[in-house]
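Structural characterization, general
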Amino acid sequence: VFVFIEDFSKAMSQAGSSQFQEVIRQELEYSMKVELDKILATASSNDLEHTKKDLEGFKKLFHRFLQEKGPSVDWGKIQRPPEDSIQPYEKIKARGLPDNIASDLNKLVVVKLNGGLGTSMGCKGPKSLIGVRNENTFLDLTVQQIEHLNKSYNTDVPLVLMNSFNTDDDTKKILQKYSHSRVKIYTFNQSRYPRINKETLLPIAKDVSYSGENTECWYPPGHGDIYASFYNSGLLDNLIAEGKEYIFVSNIDNLGATVDLYILNHLMNPPNGKRCEFVMEVTNKTRADVKGGTLTQYENKLRLVEIAQVPKAHVDEFKSVSKFKIFNTNNLWIALSAIKRLQEKNAIDMEIIVNPKTLDGGLNVIQLETAVGAAIKSFENSLGINVPRSRFLPVKTTSDLLLVMSNLYSLNAGSLTMSEKREFPTVPLVKLGSSFTKVQDYLWRFESIPDMLELDHLTVSGDVTFGKNVSLKGTVIIIANHGDRIDIPAGAVLENKIVSGNLRILDH
């Protein structure tokens, strides 16, 4: 969860006169400039140009961080979005598709946010290379989806990966395996910014290197960096020159984020003749999504409000499912020409997220980040589309992985769809305990993935293993107490059961 820094704002308000505050700010900015110049001086001639761009971008972010009075939105100004500013997906689908949808598809680019590592699931390297279904990785499934689209409509939709310095090398090595697929694949890197010491507000890096003991000194500054990095890479201009008009952006670990032709048609052929520059797919909140960012009307603009920006007194109200019914899926459709225009005017405004971290040695640092969806208020004629939950299928944990590997979903041309054999379209709630956190441990604990077609809720805690061909139905809770182990035998059917204590199945 993102947290905004408050110490600095408090210090500023206690400091009294605005003149004094300004002096502190200037001193901090000057000290930062001196440190960044020292770091830049260590860059080789090959690295000089892009390091300079990265540090310039960071300097702008740091300047804004010092200027801003703190995270809170003015709660009194938050209004419900006007009726027509969030359209139901059914209404957009009801328009059907024109005969020339292929020519519209040829103007689309698919962009996947591929900067993340699989560390939270105990994996080394890019998260996109974790196997999720029949040994296919997130990246394999993405390429298969777009290839299927290109073959079906005889189109040329390219895939663009926004990598980070953490994922770039490993991703590029693996891309060779797609050289014969019918998808052009491009990559660009998001910026590399220095982490700063929480006490001194100065960078902890002493030089530009980011290997060995320096790996912890740098970070990729969140997906809001896409606008500047995409523009700076030159790829944005190249795609515009090729006649591309829109990008569809999503997280690579959201397996529901496939190209939707009805939304594309709505963008290309708007019913009122006025094109949207920015479309955000939102979906209805459940109790599991109370922390997700929501769309509101703020100062006559659609605006994404994240939980970290909400004043403490209103956090419970923000989490209320009855008042704020939707949340951002981070599936976004954005006009390329608008990105170029706003980037050249330096007019993309995103709130700064201050993300505190504690390094292995115990040092407290902060990362200044931005989120891609926060820019919605900078674009003209923005729109929210309330899409079915099936378009939001993120795999953040092994609990999510169990769902997508199970028979709840069938795989077709890289796309996962809920099995028709399931009577309810809702996704079961799955909570696997800490013994399952790492992918390696999780795989060891399941001899085969259970049948989950009739499952509503599964909680597993402690040292538990599953034999082959287990069926789980209704609500199943399995708790092995500390020091005990439970082996669910092969072929077991658990329906509305609580299993606890100690159960060892010994091979005779």
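Computed from a predicted structure; not experimentally measured.

This model, assessed by the stated rule, comprises 23 salt bridges. Measuring nitrogen to oxygen at the nearest pair gives 2.9 Å for the salt bridge that ties E351 to R303. Highlighted residues: E351 in the loop between helix 12 (336-344) and strand 15 (353-358) and R303 in strand 13 (residues 301-305), separated in sequence by 48 residues. Overall, the relative accessible area of 15% leaves E351 in the buried class. On the basis of relative accessible area, R303 is assigned to the buried category, the value being 12%. Ionic pairing is found between D349 and K377, a salt bridge with its closest N-O pair at 3.8 Å. In this pair, D349 sits in the loop between helix 12 and strand 15 while K377 sits in the loop between strand 16 (364-369) and strand 17 (383-386), placing the two residues 28 residues apart along the sequence. Each member of the salt-bridge network shares a partner with another, and the members are R64, R303, D349, E351 and K377.

Turning our attention to the sheet that holds strand 17. Taken together, eight strands build an open sheet; the order of strands is 1-17-11-14-10-2-5-6 and the sheet is mixed. Two strands lie at the open edges of the sheet, namely strand 1 (86-88) and strand 6 (185-189), each paired on one side alone. Direction aside, neighbouring strands of the sheet carry axes that sit 25 degrees apart on average. Two elements, strand 2 (residues 108-114) and strand 5 (residues 159-163), share five bridges in a ladder whose sense is parallel. Directly across from V110, in strand 5, lies its bridge partner L159. Helix 7 (residues 168-175) rests against strand 2, strand 5 and strand 6 of the sheet, and its axis sits at about 170 degrees to strand 6.

Here the focus is the domain arrangement of the chain. Here the chain is described as being made up of domain 1 (75-391) and domain 2 (398-500). The distance between the C-alpha centroids of domain 1 and domain 2 comes to 30 Å. Summed over both partners, the interface of domain 1 with domain 2 comes to about 1,200 Å²; 64% of that surface belongs to carbon and sulfur atoms. Taken together, the links from domain 1 to domain 2 amount to zero salt bridges. Across the domain 1-domain 2 interface, the total number found is five residue pairs in polar contact (both at pLDDT 80 or more).

Cut-off values and rules
- Residues numbered from 1 in each chain as written.
- Predicted model: local features only at pLDDT ≥ 70, side-chain atom pairs only at ≥ 80, totals over all residues.
- Heavy atoms only, no water.
- Salt bridge = Lys/Arg side-chain N within 4 Å of Asp/Glu carboxyl O.
- Helix = DSSP H or I, 4+ residues; strand = E, 2+ residues; numbered from the N terminus.
- Buried < 20%, exposed > 50% of the residue type's maximum accessible area, 1.4 Å probe, protein only.
- Pairing = 2+ DSSP bridges.
- Axes fitted to C-alpha atoms, helices over the stretch in contact; angles between N-to-C directions.
- Contact = heavy atoms within 4.5 Å.
- Domains from an automatic or database assignment.
- Buried area = accessible area lost by both parts, 1.4 Å probe.
- Polar contact = N/O pair within 3.5 Å; in protein donor to acceptor, adjacent residues only side chain to side chain.

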